[in-house]
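Understanding the architecture of this molecule
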Amino acid sequence: MLVFQIIPLAALGIYFLYIIYYVAVPMARLRFLMHVGYKKYHCTDIRIDDTGVIVRIMENGRERVLWRPMEIGLDMQYMAMTAATELRSIFREIRKGRV
């Protein structure tokens, strides 16, 4: 009878690990990247929605807008992962000076 108690607890544990891997860690990474963007790259605005990632920076007294589309499809669980990847590529372009 102990196995009937372990199966639901194991399922709950697996679901907890799934939520951590697909939701909590990517969202924490995305928030960290946004913080880095505001502090290190002096971004004035970072917006993320279902169409793409928009970053505004001040460069030589002019405001530049960088936009990257996100191709997610129907799987919204990967939105934070995709947004973090696109945000890193925008920061890479800013760092290399190709804006």
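Summarised in this report is the structure supplied together with it. (Residues numbered from 1 in each chain as written. Predicted model: local features only at pLDDT ≥ 70, side-chain atom pairs only at ≥ 80, totals over all residues. Heavy atoms only, no water.)

**Quick notes on the overall build of the protein**
Summing up its helical and strand segments, the protein has two helices and three strands in all. Helices (α) and strands (β) of the protein occur, in sequence order from the N terminus, as α-β-β-β-α. Taking 2.2 N^0.38 as the reference for a compact globule, 99 residues should give roughly 13 Å; the C-alpha atoms of the protein span a radius of gyration of 19 Å, well beyond that estimate. Along the three orthogonal principal directions, the C-alpha set of the protein runs to about 70 × 25 × 20 Å. Taking all 99 residues of the protein together, the buried fraction comes to 25%. Considering only intrachain contacts with a sequence separation of at least 6, the fraction spanning at least 24 residues in the protein is 41%. (Helix = DSSP H or I, 4+ residues; strand = E, 2+ residues; numbered from the N terminus. Rg over C-alpha atoms; globule rule 2.2 N^0.38 Å. Buried < 20%, exposed > 50% of the residue type's maximum accessible area, 1.4 Å probe, protein only. Contact = heavy atoms within 4.5 Å.)

**Looking at a nonpolar patch on the surface**
A cluster of nonpolar side chains, namely Met1, Val3, Phe4 and Ile7, defines an oily patch on the protein surface of about 500 Å² accessible area. Structurally, the position occupied by Ile7 is in helix α1 (residues 3-39). (Patch = residues over 30% accessible without salt bridge, like charges linked within 9 Å, V, L, I, M, F, W, Y side chains within 5 Å. Areas by Shrake-Rupley, 256 points an atom, 1.4 Å probe, with all protein chains shown as cover. Salt bridge = Lys/Arg side-chain N within 4 Å of Asp/Glu carboxyl O.)

**Quick look at a positive patch on the surface**
On the surface, Arg29, Lys40, Arg88, Arg92, Arg95 and Lys96 cluster together to form a positively charged patch. Tracing the chain through its elements places Lys40 in the loop between α1 and β1 (43-48). Residue classification places Lys40 among the exposed residues on the basis of a relative accessible area of 53%. (Lys, Arg positive; Asp, Glu negative; His and termini not counted. Charge placed at Lys NZ, Arg CZ, Asp CG, Glu CD.)

**Side note on the packing of α1 against helix α2 (residues 79-96)**
Running from amino to carboxyl end, α1 crosses α2 at an angle of 25 degrees, the nearest separation of the two axes being 8 Å. Considered as vectors, α1 and α2 are oriented roughly parallel to each other. Here α1 and α2 pass one another in a crossing that is left-handed. Touching Tyr21, Tyr22, Pro26, Met27, Arg29, Leu30, Leu33, Met34 and Gly37 of α1 are Ala80, Met81, Ala83, Ala84, Leu87, Arg88 and Phe91, all from α2. (Axes fitted to C-alpha atoms, helices over the stretch in contact; angles between N-to-C directions. Parallel < 35°, antiparallel > 145°, perpendicular 65-115°, else oblique. Left-handed = near helix turned anticlockwise from the far one by under 90°.)

**Some points on the pairing of β1**
Sheet analysis places β1 next to strand β2 (residues 52-59), joined by five bridges and oriented antiparallel. Note that in β2 the partner of Arg47 across the bridge is Ile54. Where β1 hands over to β2, the hairpin turn is made up of three residues, counted between the paired strands. (Pairing = 2+ DSSP bridges.)

**Digging into the pairing of β2**
Two strands pair when backbone bridges link them, and β2 and strand β3 (residues 62-69) are joined in this way by eight bridges, in the antiparallel orientation. Opposite Ile54, over in β3, you have Trp67 as the bridge partner. Between β2 and β3, which pair antiparallel in sequence order, lie two residues; one of them, Asn60, sits at a positive phi of approximately 55 degrees.

**Here's the deal with the nonpolar core**
Residues Cys43, Val53, Val55, Leu87, Phe91 and Ile94 are the most contacted members of the largest nonpolar core, which totals 17 residues. At the level of secondary structure, the elements contributing two or more residues to this core comprise α1, β1, β2 and α2. No other element matches α2, which puts seven residues into this core. With residues near it in sequence (within four places) discarded, Val53 still touches Arg47, Ile48, Leu66, Trp67, Arg68, Met70, Ala83, Glu86, Leu87 and Ile90. (Core = buried A, V, L, I, M, F, W, Y, C linked by side-chain atoms within 4.5 Å.)

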